[in-house]
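# Structural overview
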Amino acid sequence: MRRDVFERLMAARADKRPVALVTDLPAGYQSLVFADEVDANGPAADVVAAARAALQSGISGIFERSDGTRAFLHVFNPPLRLFLVGAVHITQALAPMASMLGYGVTVIDPRRAFTTPARFSDVRVMERWPDAALADERLDARSAVVTLTHDPKLDDPALASALRSEAFYIGCLGSRRTHARRLERLRAAGFDDAALARLHGPVGLDIGARSPGEIATSILAQMTAILRRGAAP
Amino acid sequence: MAEAETLSGGVEDVLETAARWRAQGRRVAIATVVETWGSSPRPVGSQLLVDENGEFLGSVSGGCIESAVIGEALEVIASGAPRLLDFGVSNEKAWELGLSCGGKVQVYVEALEP
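## Examining the overall build of chain B
In terms of helices and strands, chain B carries 3 helices and 5 strands. Mapped from its N terminus to its C terminus, chain B presents α and β elements in the order α-β-β-β-α-β-α-β. Looking at the 114 residues of chain B, the share that counts as buried comes to 46%. Residue pairs in contact within chain B that sit at least 24 positions apart in sequence constitute 53% of those at least 6 positions apart. When the accessible surface of chain B is totalled, it reaches about 5300 Å², and 49% of it is carbon and sulfur.

Given below as structure tokens:
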């Protein structure tokens, strides 16, 4: 890989800017395709279109042109991020498990007693109100939010903030009854059915999860299905 | 087509490490899975980083083709010319190696310009 291509690729990733590295196979000529920009002397229009479709879907792969030549489209999307609202017991299992799945995890809870280093050592913790913290983090389509406090004072503003973003997954811990009341409050706050349909509550796949680790598993399985398939079973 | 992800958090990033190794003056090659058929243990976009001494990071398979790819990567570092490698892992061979893949992968190996 040419030095300039590598350095611009790394700069795009540092800027959290989606980019596709296009490699002609087997010759190896390389260029970068962005959503709104292409290298001078970059690939032909059909390859650029395919690279942009790949950026959209997040799926890397081979594009075969009508003349039989092939290009490898390597998508580098911004990192997956997961914001956990509430430094509760389940969060202690969910945070490290999500890290292993490749998420950059942030735990948000203004209650200092909950966010002690003894409970959360290897994870980024913000002692802030969730709505302000989430607004500052600029959630994108590679972000997920799960509320876990059971406290409407903390969960509701976080959900409102998440619903105003492009977050691909928004989950809310709580029973069916709790969730129904939550939906009523958010509806009263001005969110319509289409917006509220983005909320996954009660959170997670129905796998009979009981322990914190099992509940974390059900949440991460649902999140993975939404990320990869756009829908959960 | 499988999906490639750029991972953050708990998983070490191959390209970040490539940049660091290069900055240390090491000569490196990057191997990337560009196509898979059948059941292959690592998705398209998976990468393996190799330096001139054969030190490596990341993976392009469950372990069945790593040593072959590292050998090719050393030659790519020496010559500077990229290579496109095809690996078909027969079920019999996979069994011998204690692997369950039995798939096929195509791997692109390129040197990083110093």
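## Remarks on the sheet that holds strand β3 (residues 56–58) of chain B
Residue and element names in this part refer to chain B. Sheet architecture is open: 5 strands sit in the order β3-β2-β1-β5-β4, paired in antiparallel fashion. Edge positions in the sheet fall to β3 and β4 (83–88), since each of these pairs with one other strand and no more. In this sheet, neighbouring strand axes are inclined to one another by 20° on average, regardless of whether the strands run parallel or antiparallel. As paired elements, strand β2 (residues 47–51) and β3 share 3 bridges and run antiparallel to each other. Bridge pairing in β3 places L49 opposite L57. Contacts between helix α1 (residues 14–23) and the sheet are confined to β1 (28–37), β2 and β3, with β2 contributing the most and set at about 15° to the helix. On top of the sheet, helix α2 (residues 66–79) reaches β1, β2, β3, β4 and β5 (104–111); it is set at about 55° to β2, its chief contact.

## Focus: the interface of chain B and chain A
Every contact between the two is made by 33 residues of chain B and, on the other side, 36 residues of chain A. Where chain B abuts chain A, roughly 2700 Å² becomes buried across the two surfaces, and 53% of that area is made up of carbon and sulfur atoms. Remark: the boundary between chain B and chain A carries 3 salt bridges. The salt bridge partner of R70 of chain A is E35 of chain B, with a shortest N-O separation of 2.8 Å. Within the residue set of the side of chain B that touches chain A, elements represented by two or more residues are α1, β1 and β5 of chain B.

## Focus on the pairing of strand β4 (residues 70–76) of chain A
The side chains of a regular strand alternate, first on one face of the sheet and then on the other. Residues and elements named next belong to chain A. Taken across its 7 residues, β4 has 7 buried, putting it largely inside the fold. Here β4 shows two buried faces, one formed by R70, F72, H74 and F76 and the other by A71, L73 and V75. The pairing of strand β1 (residues 19–25) with β4 spans 7 bridges and is antiparallel. Across the sheet, V22 pairs through a bridge with L73, a residue of β4. Here strand β3 (residues 61–64) pairs with β4 via 4 bridges, running antiparallel. Its bridge partner being in β4, I62 is matched across the sheet by F72.

## As for the pattern of salt bridges
For the structure on display, the rule yields 24 salt bridges over all chains. Connected via shared salt-bridge partners are R2, D4, R8 and D39 of chain A.

## Observations regarding unusual backbone geometry
Residues and elements named next belong to chain A. At the junction of L25 and P26, the peptide bond is cis and its omega measures out at 0° in the coordinates. Relative to the helices and strands, P26 is located in the loop between β1 and β2 (30–34). Following G201, the chain continues to P202 via a peptide bond in cis, the omega torsion being -10°. When you line up the elements, P202 lands in the loop between β10 (199–200) and α8 (212–229). Phi angles above zero are rare outside glycine, and H150 is one such case at about 70°. Looking at the element boundaries, H150 is found in the loop between β8 (143–147) and α5 (152–163). According to the relative accessible area criterion, H150 is partly exposed, its value standing at 48%.

## Focus: the domain arrangement of chain A
Taken domain by domain, chain A consists of domain 1 (3–76) and domain 2 (81–229). With centres defined by C-alpha atoms, the gap from domain 1 of chain A to domain 2 of chain A works out at 34 Å.

## Digging into the side chain of H179 of chain A
All names here are of chain A. Mapped onto the elements, H179 comes out in helix α6 (residues 176–188). The buried category is assigned to H179, whose relative accessible area is 7%. Those residues in contact with H179, other than ones at most four positions away along the chain, are C172, L199, G201 and P202.

## Some details on the sheet that holds β3 of chain A
Pairing between the strands of a sheet is mediated by backbone hydrogen bonds and can be parallel or antiparallel. All names here are of chain A. Across the sheet, 4 strands lie side by side as β2-β1-β4-β3; this open sheet has antiparallel pairing. At either end of the open sheet lies a strand with only one pairing partner, and these are β2 and β3. This sheet shows a mean twist of 30° between the axes of neighbouring strands, independent of strand direction.

What counts and what doesn't
Residues numbered from 1 in each chain as written. Chains lettered and ligands numbered in written order. Predicted model: local features only at pLDDT ≥ 70, side-chain atom pairs only at ≥ 80, totals over all residues. Heavy atoms only, no water. Helix = DSSP H or I, 4+ residues; strand = E, 2+ residues; numbered from the N terminus. Buried < 20%, exposed > 50% of the residue type's maximum accessible area, 1.4 Å probe, protein only. Contact = heavy atoms within 4.5 Å. Areas by Shrake-Rupley, 256 points an atom, 1.4 Å probe, with all protein chains shown as cover. Pairing = 2+ DSSP bridges. Axes fitted to C-alpha atoms, helices over the stretch in contact; angles between N-to-C directions. Buried area = accessible area lost by both parts, 1.4 Å probe. Salt bridge = Lys/Arg side-chain N within 4 Å of Asp/Glu carboxyl O. Domains from an automatic or database assignment.

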